[in-house]
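# Summary of structural features
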Amino acid sequence: MPASPSTARAINDRLALRLLQHEGPLTAGQLKQLTGLSRPSVADLVERLTASGLIEVVGEAGEQRRGPNAKLYGIVADRALLAALDVRTEGVTVLVSDLVGRVLAEASVPIGGDTGTGTAVEQAVSLVERAVKEAEVTGKPSHGGRRAWGRLHTLGIGAPGLIDPASGELRDSSGLPAWHRRLVAALQERFPDAHAHVENETNLAALAEQREGAARDRDTFVLLWLGHGTGAAVVLDGALRRGASGGTGEIGFLPVPGTNGLPSATDCEGGFHSLAGSAAVAALAGEYGLTAHARSGEPVAAALVRAAVDAPDAGAAAGFLDALADRLALGAASVVAVLDPGCVVLGGEVGQAGGEALASRVARRLRRMAPLPTEVRAGLLGGGAVLRGALLTARDAAQEELFATAAHRAEAPQGVPAT
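Definitions and cut-offs
Residues numbered from 1 in each chain as written. Predicted model: local features only at pLDDT ≥ 70, side-chain atom pairs only at ≥ 80, totals over all residues. Heavy atoms only, no water. UniProt positions renumbered as here; feature names shortened; annotations may be inferred. Helix = DSSP H or I, 4+ residues; strand = E, 2+ residues; numbered from the N terminus. Rg over C-alpha atoms; globule rule 2.2 N^0.38 Å. Buried < 20%, exposed > 50% of the residue type's maximum accessible area, 1.4 Å probe, protein only. Contact = heavy atoms within 4.5 Å. Areas by Shrake-Rupley, 256 points an atom, 1.4 Å probe, with all protein chains shown as cover. Expected span 1.5 Å × (residues − 1). Arc of directions from axis to C-beta. Axes fitted to C-alpha atoms, helices over the stretch in contact; angles between N-to-C directions. Parallel < 35°, antiparallel > 145°, perpendicular 65-115°, else oblique. Left-handed = near helix turned anticlockwise from the far one by under 90°. Polar contact = N/O pair within 3.5 Å; in protein donor to acceptor, adjacent residues only side chain to side chain. Nonpolar A, V, L, I, M, F, W, Y, C, P; charged D, E, K, R; others polar. Pairing = 2+ DSSP bridges. Salt bridge = Lys/Arg side-chain N within 4 Å of Asp/Glu carboxyl O.

- Within an unreviewed UniProt entry, the label attached to the protein chain reads NBD/HSP70 family sugar kinase, and the organism entered is Streptomyces rishiriensis.
- On record in UniProt, under Sequence similarities (unreviewed entry), the comment for the protein chain is "Belongs to the ROK (NagC/XylR) family."

## Here we look at the overall build of the protein chain
- From N to C terminus, the protein chain includes 12 helices and 13 strands.
- Scaling as 2.2 N^0.38, a compact globule of 419 residues should have a C-alpha radius of gyration of about 22 Å, and the protein chain matches this with 24 Å.
- Taking the principal axes of its C-alpha atoms as reference, the protein chain extends roughly 75 × 50 × 45 Å.
- Split into buried and exposed, the 419 residues of the protein chain put 51% on the buried side.
- Taking contacts inside the protein chain between residues at least 6 apart in sequence as the whole, the part at least 24 apart equals 64%.
- As displayed, the protein chain has an accessible area near 19,200 Å², and 52% of this comes from carbon and sulfur atoms.

## Structural notes on helix H3 (residues 39-51)
- Look at H3: 18 Å from first C-alpha to last across 13 residues, which is about the 18 Å you get at 1.5 Å a residue.
- Of the positions making up H3, those classed as buried are Val42, Leu45, Val46 and Leu49. Angular distribution of buried residues about the axis of H3 spans 105 degrees; they occupy a single face of the element. H3 presents Pro40, Glu47 and Ala51 as exposed residues on the side facing more than 90 degrees away from its buried surface.
- Just downstream of H3, Gly53 is the residue with a positive phi angle, here 80 degrees.

## Re the packing of helix H9 (residues 300-310) against helix H10 (residues 314-339)
- Taken N-terminus to C-terminus, the directions of H9 and H10 make an angle of 130 degrees; their axes are 8 Å apart at the nearest point. The orientation of H9 with respect to H10, classified from their angle, is oblique. As for the relative orientation of H9 and H10, their crossing is left-handed in sense. Listed contacts from H10 to Leu304, Val305, Ala308 and Val309 of H9 are Ala317, Phe320, Leu321 and Leu324.

## Details of the side chain of Asp98
- Looking at the element boundaries, Asp98 is found in the loop between strand S5 (91-97) and strand S6 (103-110).
- Side-chain polar atoms of Asp98 contact the backbone nitrogen of Val100, separated by 3.1 Å.
- Of the polar contacts made by the side chain of Asp98, one reaches the backbone nitrogen of Arg102; its length is 2.8 Å.

## Comments concerning the packing of helix H1 (residues 5-23) against H3
- Interaxial distance between H1 and H3 falls to 10 Å at its minimum, and their mutual angle equals 75 degrees. Here H3 runs roughly perpendicular to H1, going by the angle between their axes. In contact with Arg9, Asn12, Asp13, Ala16 and Leu17 of H1, H3 contributes Leu45, Arg48 and Leu49.
- Residue classes in the contact of H1 with H3 are distributed as four nonpolar, one polar and three charged.

## Points about the sheet that holds strand S4 (residues 81-88)
- Spatial ordering of the open sheet is given by S6-S5-S4-S7-S8, a layout of five strands whose pairing is mixed. Each having just a single partner strand, S6 and strand S8 (195-200) make up the two edges of the open sheet. The average angle at which neighbouring strand axes cross in this sheet is 15 degrees, direction not considered.
- With six bridges joining them, strand S7 (residues 152-159) and S8 adopt parallel strand pairing. Each bridged residue has a counterpart across the sheet, and for Leu155 the counterpart in S8 is Ala196.
- Lying over the sheet, helix H5 (residues 178-190) contacts S4, S5, S7 and S8, oriented at roughly 165 degrees with respect to S4.

## Focus on the environment of Arg39
- Positionally, Arg39 belongs in helix H3.
- Since its relative accessible area comes to 53%, Arg39 is described here as exposed.
- Taking C-alpha positions, Arg39 is 7.8 Å from Gly29, a pair spaced 10 residues apart along the chain.

## Quick word on the sheet that holds strand S1 (residues 26-27)
- Overall, antiparallel pairing links the three strands, which are arranged S1-S3-S2 in an open sheet. Across the chains shown, the open sheet's two edge strands, defined by having one partner strand only, are S1 and strand S2 (55-60).
- Sheet analysis places S1 next to strand S3 (residues 71-75), joined by two bridges and oriented antiparallel. The residue bridging Leu26 from the neighbouring strand is Tyr73, located in S3.
- The sheet strands contacting H1 are S1, S2 and S3, and the helix crosses S3 at an angle near 90 degrees.

## Some thoughts on the environment of Gly158
- Here Gly158 lies in strand S7.
- Residue Gly158 is classed as buried on the basis of its relative accessible area of 0%.
- In sequence terms Gly158 and Asn200 are 42 residues apart; their C-alpha atoms lie 5.5 Å from each other.
- Setting aside its immediate chain neighbours within four residues, Gly158 contacts Leu85, Asp86, Val87, Glu199, Glu201, Leu204, Val386 and Ala390.

## Points about the pattern of salt bridges
- Taken as a whole and assessed by the stated rule, the structure comprises 19 salt bridges.
- Here Asp13 ties to Arg48 by a salt bridge, and the two come within 2.8 Å at their closest N and O atoms. Of this pair, Asp13 sits in helix H1 while Arg48 sits in helix H3, and the two are 35 residues apart along the sequence.
- Using a relative accessible area of 25% as the deciding quantity, one classes Arg48 as partly exposed.
- Its salt-bridge partner being Arg190, residue Glu129 comes within 3.0 Å of it at the nearest N-O pair. Taken as a pair, Glu129 in helix H4 (residues 117-138) and Arg190 in helix H5 lie far apart in primary sequence, 61 residues in all.
- Among the residues examined, Glu129 registers a relative accessible area of 24% and is labelled partly exposed.
- Its relative accessible area of 33% is what places Arg190 among the partly exposed residues.
- Three or more residues joined by partner-sharing salt bridges are found here, namely Asp86, Arg88, Glu201 and Glu349.

Right under this line is the structure:
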């Protein structure tokens, strides 16, 4: 059956908003070309979306810049503020952006292991509050406008550990600070109008690498997270796979040869983590006489791998990279044998530091160990992938809600306000 006029309007509005989201500002003529709609239909949807406060004129196109057809329409960036958090064992990093993802403020706070739960939660929440206030003061509303910023609309939070697939909440996990689990509730209490979306940090890194990094051309791949610890994220046919309990990718617990024992249900020592975690990589580098100074907040393993890649003398450095590739290939081969992803991305700070030098070594070993053809790529976003993925998640969620509201209004019968 053909769509009713109100449903057709809603579909057209959503299509236009999606195009503006992915393509950036467009003229009415470009919207007409990309949507296939008639000129009057495009004029109507531009009028509706402008009246709803979702789009506005953001400039003019072309060298001549004359006439109404040259007007560029874009999403109203200052309609809402978004916050993204990267929650680590040793601290929190937050950034605040506008609705289209333009970063307005960024800050971090270290949280020591001896910090009490209540104090740690308050430090993290206060950090977000300060960043939001900074964004409101220093961030100019879109295109020089004088409107006040919209409220903090959405929080995207990346944290280590398991996310309950039913509730979306961070589950109790051994080895992680107690303040992690308390943080989301505290943020919701401090920002009652904001929607919080919590996701495992490695899953967010995979999202960022797929959208903006090394896996942009892949809808099926596995990201092997190599930072302070280890993890994996699985993307199959474009969808992130979390598993029955939210534990897909807990590769640190994978039993592998070369360790001094087996992991347990509560401790990954003896598993893949014992070969590829930062402390294990540092110990391996020490066997080859390599040293390096890590940057602030960086795993020492990343500094060591970067130094080895950049070393003019390939002797000890090459031996270290070869030995590390032997270890990483064990975890990668297990993933490849079960999932056949076709592509493994070496993510996190260590994967980025290793670059092609490390990725090519792992690829050669995989070809010998696994019968399935698998490309190995170095991650491009490093440790920043978690924060970037959290921001993408917050932006998508906020835009989805605001776009849905616009579509609901468009579907309302003429002359009858939508509820």
